[in-house]
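Structure at a glance
Spelled out, the chains give:
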Amino acid sequence: MTSIEIPFPDDWHVHLRDGEMLEAVVGYTARRFRYAMVMPNLAPPITSVADARAYHQRILAVAPADAPDFRPVMALYCSPAIDLDDLRRGVEEGIIAAVKYYPAGATTNSDAGGTSLADFMNLYETMIDLGIRLLVHAEDTDPTVDIFAREASFLDRQLAPLCASLPELAVTVEHVSTGAGVDFVSAHPQVAASITPHHLARDRSDLLANGMKPDLYCKPVINSSADQAQLIAAATGGDPKFFLGTDSAPHPTAAKYGPVAKAGVFNAAYGLEVVADVFHQEGSLDQLAAFTSTNGAAVYGVEPSEHRLMLTAESTDQDLATHLTTAAGDEVVLFGDDEATRWQVSVS
Ligand code: NCD
Ligand code: ZN
């Protein structure tokens, strides 16, 4: 029987939300992951250390007590509202680990985002000084740019010039979704990238060909099978620049199933099984720990976990949950239940 033991994984990109949704989803992340880079796109966004600290406390207050080693760390939302002294204190206190740039209008709760990466040079200088990374949602929101070309266009028009002018700024391209993105990361020494389970395991035909699937709709949109192949090669190839960030992003089905679907895939429940399945199919399970547990840790300057997690390729005949229900009665669909039937996960 195929089985692999890995250091406890980290999730370097996750949306935990707030209130009843936070309560409903946090356990899935806390039981499966150690570090969780918590995204700041609440409404209103998290732009101060006081707000980040309060959010951190709300997360820990509802995290399950039996989580082996759950460590949420916070990213501030890149905005003119960030005070540089406040940021400095937040980093020194260990509460702030990064700053996240959202192009305005690109995705869920990005209205307060930027119109140009180049508008925050003073902030970036401070970040270089503090040794923290700029996390980038790489999508060109110019309406003349095709939806499937938005990542490539943003990297070319905005991130390339920034990297050229600030070669000391460490950057993570979040949820890299295209071959162009993989090539960009490889070509720039200061850039690394997170990759999601759903961009590894699905392509745009899965999204669109057999009835449009709102549960697979996320930003950046899942792209072509050729892009997917390049993502799989990057994730399974052992390159230390590529690591897991689930981009787990819960939305109630009421916000998914309508004339306009909200963007986001909730994969905290079964994302590890999805990733293991991709690596297994590639014959690359020996590279799984690098992707889930050691590459990202090295990029963010922490040691890999000493806790272990075991994945075994064994089918279950149990019926797995297909959705969760929040205390408010909202339903959220769990991505990856198909893959999850093929894997058993145990924590030691
Ligand atoms: C995320 C969300 O719902 O907050 N949605 C998504 O499609 N990925 C925001 C984001 O990371 O783009
Ligand atoms: Zn995200």
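Quick caveat: nothing in here was measured; it's all calculated off a predicted structure.

The next thing to look at is the pattern of salt bridges. Under the criterion given, the structure shown has 15 salt bridges. For Arg 58, the salt bridge identified is with Asp 18, shortest N-O distance 2.7 Å. Of this pair, Arg 58 sits in helix H2 (residues 49-62) while Asp 18 sits in the loop between strand S2 (11-14) and helix H1 (19-32), placing them 40 residues apart in sequence. Measuring nitrogen to oxygen at the nearest pair gives 3.5 Å for the salt bridge that ties Asp 338 to Arg 342. Classification of Asp 338 by relative accessible area gives partly exposed; the value is 46%.

Another point: the packing of helix H11 (residues 271-281) against helix H12 (residues 288-299). It is at 9 Å that the axes of H11 and H12 come closest, and there the two elements cross at 140°. For the element pair H11 / H12, the angle class is oblique. For the pair formed by H11 and H12, the contact residues are Leu 272, Val 275, Ala 276 and Phe 279 on the first element and Leu 288, Phe 291 and Thr 292 on the second. Here the residues of the contact of H11 with H12 are counted per class, giving 6 nonpolar, 1 polar and no charged.

Surrounding ligand 1, one finds 15 residues, the nearest of these being Arg 17, Asn 41, Thr 107, Lys 219 and Asp 247. The separation between an oxygen atom of ligand 1 and a polar side-chain atom of His 137 is 3.3 Å. Take Gly 264: an N or O atom from its main chain is 3.2 Å from an oxygen atom of ligand 1. Relative to its free-state accessible area of 310 Å², ligand 1 is covered by the protein chains to the extent of 100%. Cavity membership is defined here by more than half of the atoms lying within 2 Å of grid points; on that basis ligand 1 lies in the largest cavity. Split into classes, the residues belonging to the shell around ligand 1 amount to 3 nonpolar, 9 polar and 3 charged.

A separate point is the coordination of the zinc ion (ligand 2). Here the zinc ion (ligand 2) is held by His 13 (NE2), His 15 (NE2) and Asp 247 (OD), and the distances to it run 2.0 Å. What the 4 donor atoms of the zinc ion (ligand 2) show is an angle range of 93 to 137° at the metal, which sorts the shape as irregular. Linear spacing of the donor residues for the zinc ion (ligand 2) on their chain is H-x1-H-x231-D. Assigned by exposure class, His 13 and His 15 land together as buried.

One can describe the packing of helix H3 (residues 84-92) onto helix H4 (residues 121-130) by two numbers: an axis separation of 11 Å at closest approach and a directional angle of 25°. Between H3 and H4, the angle is such that the two are roughly parallel. Pair H3 / H4 crosses with right-handed handedness. Contacts from Leu 84, Leu 87, Arg 88 and Val 91 in H3 reach Asn 122, Leu 123, Thr 126, Met 127, Asp 129 and Leu 130 in H4. Across the contact of H3 with H4, the residue classes break down as 6 nonpolar, 2 polar and 2 charged.

This part covers helix H6 (residues 179-187). Where H6 is concerned, the buried positions are Gly 179, Gly 181, Val 182, Phe 184 and Val 185. The inward-facing, buried residues of H6 contact helix H5 (150-165), strand S7 (171-173), strand S8 (191-195), helix H9 (225-236) and strand S9 (242-244).

Moving on, we get to the side chain of His 188. Among the secondary structure elements, His 188 is positioned in the loop between H6 and S8. Judged by relative accessible area, which is 19%, His 188 ranks as buried. Filtering out sequence-adjacent residues up to four positions away, His 188 remains in contact with Cys 163 and Lys 241.

Inspection of the secondary structure puts His 56 in helix H2. Given a relative accessible area of 17%, His 56 falls into the buried group. Taking the C-alpha atoms as reference, His 56 lies 31 Å from Gly 181; in sequence the two are 125 residues apart. Only 2.9 Å separates the side chain of His 56 from the backbone oxygen of Pro 72, close enough to count as a polar contact.

Now for H3. Here H3 has its buried residues at Asp 86, Leu 87, Gly 90 and Val 91. Mapping the buried residues of H3 onto a view down its axis gives an arc of 135°, with all of them on the same face. Where H3 is buried, its residues touch H2, strand S4 (71-77), strand S5 (96-101) and H4. Its side-chain oxygen at 3.1 Å from the backbone nitrogen of Asp 85, Asp 83 defines the N-terminal cap of H3.

Rules used in this analysis
One numbering rule holds for all chains: residues counted from 1, following each sequence as written. Written order decides the labels, with chains lettered from A and ligands numbered from 1. Confidence filtering applies because this is a predicted model: local features only for residues at pLDDT of at least 70, side-chain atom pairs given and counted only at 80 or more, and all residues used for totals across whole chains, interfaces and linings. Hydrogen atoms and water are omitted, and side-chain values are computed over all heavy atoms in the structure. Criterion for a salt bridge: a side-chain nitrogen of Lys or Arg within 4 Å of a carboxyl oxygen of Asp or Glu. Secondary structure is summarised from DSSP: a helix means a run of H or I of at least four residues, a strand means a run of E of at least two, and numbering begins at the N terminus for each. Each residue is placed in one exposure class: buried if its accessible area under a 1.4 Å probe, protein chains only, is under 20% of its type's maximum, exposed if it is over 50%, and partly exposed if it falls in between. Note on geometry: axes are C-alpha line fits, over the in-contact stretch for helices, and angles between N-to-C directions span 0 to 180 degrees. Under this scheme an angle from 65 to 115 degrees is roughly perpendicular, one under 35 degrees roughly parallel, and one over 145 degrees roughly antiparallel; angles in between are oblique. For this analysis, residues touch if any pair of their heavy atoms sits within 4.5 Å. Polar here means any residue other than Ala, Val, Leu, Ile, Met, Phe, Trp, Tyr, Cys and Pro, which are nonpolar, and Asp, Glu, Lys and Arg, which are charged; Gly is therefore polar. Proximity is defined per residue: any heavy atom of the residue falling within 4 Å of a molecule or strand makes that residue near it. N or O atoms within 3.5 Å of each other form a polar contact, as long as, within protein, one can give a hydrogen and the other can take it, and as long as residues adjacent in sequence are counted only when both atoms are side-chain atoms. Throughout, the Shrake-Rupley method with a 1.4 Å probe supplies accessible areas, and for residues the shown protein chains are the sole cover considered. Here a cavity means grid points, on a 1 Å grid over the protein atoms only, where a 1.4 Å probe fits yet cannot get out; a pocket means an open set of points with protein on both sides within 12 Å along at least five of seven lines; lining residues are those with an atom within 4 Å of a point. In this scheme, a molecule is assigned to a cavity or pocket if more than half of its atoms are within 2 Å of the grid points. Counted as donors are N, O and S atoms no farther than 2.8 Å from the metal, or 3.2 Å for Na, K and Ca; water is not among the atoms, and sites may therefore look incomplete. In short, tetrahedral needs four donors with all angles between 85 and 135 degrees, square planar needs four and octahedral six donors with opposite donors over 155 degrees apart and all other angles between 65 and 115, and whatever is left is irregular. By convention, the crossing between two helices is left-handed when the near helix turns anticlockwise from the far helix through less than a right angle, and right-handed when the turn is clockwise. Directions from the helix axis toward the C-beta atoms define the arc.

Limitation: the analysis is restricted to geometry and does not speak to function.
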